[in-house]
Amino acid sequence: MSNQAVDEAAGAGRDLLLLQALARLNEIGASINRLTGSDVGRLDAILQFIAESAIKMAPGASAVLYIYDPATHAFDPVSRVSAGERGGAEALGLAGAHDEPRPFGLGMRAVTQLRGVLSYEEPDLEIHPAKQAAGARAMACFPLVVGNRPLGVLYVYLHEERPFSQVELLLLNNFVNQAAIAIYRAAEVAGIQRDLARKEDELSRLRRAALLISSRTSLEGTLQVILQMALDVTGARYGIFRLVDKSGLHLVMRAIAGEDLGRPAVEELPINATSVMGYVAKLRQPANIADVRLLPWSRIYYPLDHALEMRSELAVPLIGAGGRLEGVLNLESPQVAAFSEADSHLLQSLATQAVIAIQEARLLDALQQIAEWLLVKPAHEVLNGLVELSCGLLNAGASAIWMRQGDRLSLAAANVGHVRGDDLPIHGSLTGQAVLTREPVLSADVRTDPRFSWPNLARGQGWTRALIVPLLPAEGGEATGAFSVYGTEAAAGRFAASDWDQKVLTTLARYAALALQNASRQDALRAAQDARAVAETFAAMGDIAANLLHHLNNKVGAIPVRVEGIQDKCAAALAANHYLAANLAAIEQSALEAMAIVRERLSLLRPIERGPVDVASCVRDAVSAADLPAGVTVELTGLDRLPHVVASRETLAWAIINLLQNASDAMEGRGRIAITAAAQEAWVEIIISDTGPGIAPDLQARIFEFSFSGARPEGRGKLGFGLWWVRTLISRLDGAIAVESDGRNGATFRVRLPIGNGPGGARQRGQKETA
């Protein structure tokens, strides 16, 4: 056989080996993807298949795979899988029964050093004696590693004296990676299942309480359910919930339950040591009183019902997120020592659930109210409501909402301290930091925080803590403002700026951003509705115009006919009277011109049929038709090679003619007009500049109004005629027009028109304006 034939046969063999390796890797990957916790034996089957695939890459080889436990730094002998062992494990004697990896063997070196080990490159270590006895002459040991964490080892043994080829090592490394992923995935799935089982056990313990609490939608209903549960689990006869009021100084009754209550005492209690509930609130510690008649309790015992005799009392504080006091849960019984220590622990556990329920119910009520506001109230009223709600939900002393305007923040709403007109820089300020980072910002004491812009205000109001969150639009992008709340000096039940407070304020900030976004969209909707109304008006006017034109054509069109009749019948008289002949000819010409003008102007009222328009030729036609004075020069640049725009050629030309004539009038017939254009993404912008006296900045927002008069105060020149009409026509073409001027050195009008998406850069012809 020739050398070429030998090479070809060897190449074909390598190709076949590679195809087999790819097929096996694909099968292994699919098996790994199907791994679930319920398939206990699937991992063993996958590892077995990997071992069998590995020996296919090195003909005549055998393989053994072990799983490694990083926690114990040991291999698991039970995890052993093998393939290609000669004669089976039973016939090998030592092999398969006594070939576990040695503490200082080649396998341990591979997993500790996280590298592949070849026996013939490690002169200080020998192949395991059991494997040598089974005929192994060379060995490759691969650690199974995921994220620098060893998970196992794969041994591949050759039974002949030769090194592994580079192709064999590369192919084996692929199977090693698959084995590592399989072990990692199996452990991950098992861990997830263990976590799920633990969570399910935890949830089952709270299911009954959660079901009862979540079945109520109002805060009072939720508290009533919790009270009844407390009575059931402790055997108490009466119970009452008192929550901290907005001032943080009193406890106010929110729910009461019990048997045979006549006239319960439900007035507010101060948070001090003059009552048991006030005492518990002040110290934030539970109180289990065996007999309220004994000192010192008899001095501060405040009966739930003066007509009923109670002997024992159990009260626990409701401590919310961040250590904030929410209120007190109090139970009473006519029996002495009615409550055990176990009852106290049970009530404290239930109080924890009560705090969660109170916070969630309060937030739910607030969100429901906000949703109603968004439907019926303008944005500024929604923002004012959010400010008040934030103080109530977070027990904060003050709150404010800021809107971004360029590089500053302006006050949009506040309840205490700040006044309308307040603003602050974004850069370098506490509130601006939240806007720039798009993350919540905390301050332990704004009175001394150098980032806070109003330290004197903070001292005067007694503000200490501050929490500021950004207003983030739903579609992403830069923050549009910030929502800030301020707590007063440290006291029980006051604003704590906890994680819960941060979540609540972030939620409220989303609604504030939504209110501002809705306001913007409503403005856009009103503009669209106005545009629709204009389109409908023009459509109606077009019908009226057609009817009017028909009648005018009948009436005015008869004038030239009658003039011709007079000229025919009175030719001698007209020849004798030049004055009469000239005036009769002028009447005929005026009638013809009037008809042309009426047709031209009224055609603009009809629905516009848009199509692709070449900007350069349209501008040149407009310049020619504008009939500008000889003292006005027009320069055209950058008009060629522009994409077509979607427009009506007649309408666009008429708008440009008006702009040119206005510029000429403003320059009093002497000056220069420059017209240029450029394509910008989806638009073509036509720029028309003149050398006239300019337009004062305070007038630029008004010149497009319908009722605006362009006459200059000093009676010299004018700003232009029909700019409202020009803007209306450009809007009907889905375009826009804007003006720029410093009021002294000319004016520049920018007309933007959409680029089409049909042939030649424009939409298909025949697209009509819709009402």
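Remember, it's a predicted structure, so these values are computed and weren't measured experimentally.

Quick word on the overall build of the chain
Logical step 1: Each helix and strand in the chain was counted, giving 20 helices and 25 strands.
Logical step 2: Looking at the chain as a whole, 44% of its 771 residues qualify as buried.
Logical step 3: Roughly 39000 Å² of accessible area belongs to the chain as shown, and the carbon and sulfur atoms make up 54% of that amount.

Points about the sheet that holds strand β24 (residues 748-754)
Logical step 1: Ordered by their spatial adjacency, five strands build an open sheet running β19-β21-β22-β24-β23, and the pairing between neighbours is mixed. The open sheet has two free edges, formed respectively by β19 (632-637) and β23 (736-740), since each of these has just one partner strand. In this sheet, neighbouring strand axes are inclined to one another by 15 degrees on average, regardless of whether the strands run parallel or antiparallel.
Logical step 2: Bridging between strand β21 (residues 671-680) and strand β22 (residues 683-690) involves eight bridges; their strand directions are antiparallel. What sits directly across from Ala679, in β22, is Val684.

Some thoughts on the pattern of salt bridges
Opposite charge on two side chains lets them pair, provided their charged atoms get close.
Logical step 1: In total, this model carries 22 salt bridges according to the counting rule given.
Logical step 2: Arg311 is the partner of Asp291 in a salt bridge, and the nearest nitrogen-oxygen pair spans 2.7 Å. Taken together, the residues span a long stretch of sequence, with Asp291 in the loop between β9 (287-289) and α9 (297-300) and Arg311 in the loop between α9 and β10 (312-319) at a distance of 20 residues.
Logical step 3: Classification of Arg311 by relative accessible area gives buried; the value is 18%.
Logical step 4: Where Arg672 meets Glu635, a salt bridge forms, and the shortest distance between an N and an O atom there is 3.5 Å. In this pair, Arg672 is assigned in strand β21 and Glu635 in strand β19, connecting sequence segments 37 residues apart.
Logical step 5: We classify Glu635 as partly exposed; its relative accessible area is 38%.

A short note on the pairing of strand β5 (residues 149-158)
Working note: regular strand, side chains alternate between the two faces of the sheet.
Logical step 1: Across the 10 residues of β5, nine count as buried, placing the element largely inside the fold.
Logical step 2: The pairing of strand β1 (residues 62-69) with β5 spans six bridges and is antiparallel. Residue pairing in the sheet places Ile67 in a bridge with Gly152 of β5.
Logical step 3: With nine bridges joining them, strand β4 (residues 138-146) and β5 adopt antiparallel strand pairing. Bridging across to β5, Met139 finds its partner in Tyr157.
Logical step 4: Hairpin connection from β4 to β5: two residues lie between these consecutive antiparallel strands, with Gly147 at a positive phi of about 60 degrees.

Re the sheet that holds strand β8 (residues 269-270)
Logical step 1: Here we have six strands laid out as an open sheet, ordered β8-β7-β6-β11-β10-β9, and antiparallel in their pairing. Two strands close off the open sheet at either side, each with one partner strand: β8 and β9.
Logical step 2: Across the face of the sheet, helix α10 (residues 341-376) comes into contact with β6 (238-244), β9, β10 and β11 (325-333) while running at roughly 40 degrees to β10.

Some thoughts on the packing of aromatic side chains
Logical step 1: Under the definition given, this model contains 11 aromatic pairs.
Logical step 2: Ring plane angle 80 degrees and centroid distance 5.6 Å describe the contact between Tyr279 and Trp297, whose orientation is recorded as edge-to-face. Here Tyr279, found in helix α8 (residues 276-283), pairs with Trp297, found in helix α9; they are 18 residues apart in sequence, far enough to count as distant.
Logical step 3: Classification of Tyr279 as partly exposed rests on a relative accessible area of 28%.
Logical step 4: Ring geometry for Trp463 against Tyr486: centres 4.3 Å apart, planes inclined by 5 degrees, an arrangement best described as stacked. Of this pair, Trp463 sits in strand β16 (residues 463-471) while Tyr486 sits in strand β17 (residues 481-488); the two residues are 23 residues apart in sequence, bridging distant segments of the chain.
Logical step 5: Given a relative accessible area of 1%, Trp463 falls into the buried group.

Digging into the packing of helix α19 (residues 649-666) against helix α20 (residues 723-732)
Relative placement of two packed helices is described by the angle separating their axes and the distance separating the axes.
Logical step 1: α20 packs onto α19 with a crossing angle of 150 degrees between their chain directions and a minimal axis gap of 10 Å. Classified by the angle their axes make, α19 and α20 are roughly antiparallel. Viewed along their axes, α19 and α20 form a crossing whose handedness is left-handed. Where α19 abuts α20, its residues Thr651, Leu652, Trp654, Ala655, Asn658, Leu659 and Asn662 lie against Leu723, Trp725, Val726, Leu729 and Ile730.
Logical step 2: In terms of residue class, the contact of α19 with α20 is built from nine nonpolar, three polar and no charged.

Quick word on the side chain of Glu313
Logical step 1: Counting through the fold element by element, Glu313 comes out in strand β10.
Logical step 2: Of the side chains with opposite charge, Arg242 lies nearest to the buried Glu313, which makes no salt bridge, at 7.5 Å.
Logical step 3: There is a polar contact of 3.2 Å between the side chain of Glu313 and the side chain of Asn330.
Logical step 4: Contact partners of Glu313, with chain neighbours within four places excluded, come to Val276, Ala287, Asn288, Ile289, Val292, Tyr301, Asn330, Leu331, Glu332 and Phe339.

Focus on unusual backbone geometry
Logical step 1: In this model, Leu295 is joined to Pro296 through a cis peptide bond whose omega is 0 degrees.
Logical step 2: When you line up the elements, Pro296 lands in the loop between β9 and α9.
Logical step 3: Positioned with a positive phi, Ala337 is a non-glycine residue whose angle comes to about 55 degrees.
Logical step 4: Within the secondary structure, Ala337 is located in the loop between β11 and α10.
Logical step 5: In this structure, Glu668 is a non-glycine residue whose phi angle is positive, near 55 degrees.
Logical step 6: Looking at the secondary structure, you find Glu668 in the loop between α19 and β21.

Considering the environment of Pro59
Logical step 1: With respect to the helices, strands and loops of the structure, Pro59 is situated in the loop between α2 (42-57) and β1.
Logical step 2: Spatially, the C-alpha atoms of Pro59 and Gly84 are 9.9 Å apart, while their sequence positions differ by 25 residues.
Logical step 3: Setting aside residues up to four positions removed in sequence, Pro59 forms contacts with Arg162 and Glu168.

Reading the values: the criteria
Residues numbered from 1 in each chain as written. Predicted model: local features only at pLDDT ≥ 70, side-chain atom pairs only at ≥ 80, totals over all residues. Heavy atoms only, no water. Helix = DSSP H or I, 4+ residues; strand = E, 2+ residues; numbered from the N terminus. Buried < 20%, exposed > 50% of the residue type's maximum accessible area, 1.4 Å probe, protein only. Areas by Shrake-Rupley, 256 points an atom, 1.4 Å probe, with all protein chains shown as cover. Pairing = 2+ DSSP bridges. Axes fitted to C-alpha atoms, helices over the stretch in contact; angles between N-to-C directions. Salt bridge = Lys/Arg side-chain N within 4 Å of Asp/Glu carboxyl O. Contact = heavy atoms within 4.5 Å. Phe/Tyr/Trp six-rings, centres within 6.5 Å; stacked < 30°, edge-to-face > 60°. Parallel < 35°, antiparallel > 145°, perpendicular 65-115°, else oblique. Left-handed = near helix turned anticlockwise from the far one by under 90°. Nonpolar A, V, L, I, M, F, W, Y, C, P; charged D, E, K, R; others polar. Lys, Arg positive; Asp, Glu negative; His and termini not counted. Polar contact = N/O pair within 3.5 Å; in protein donor to acceptor, adjacent residues only side chain to side chain.

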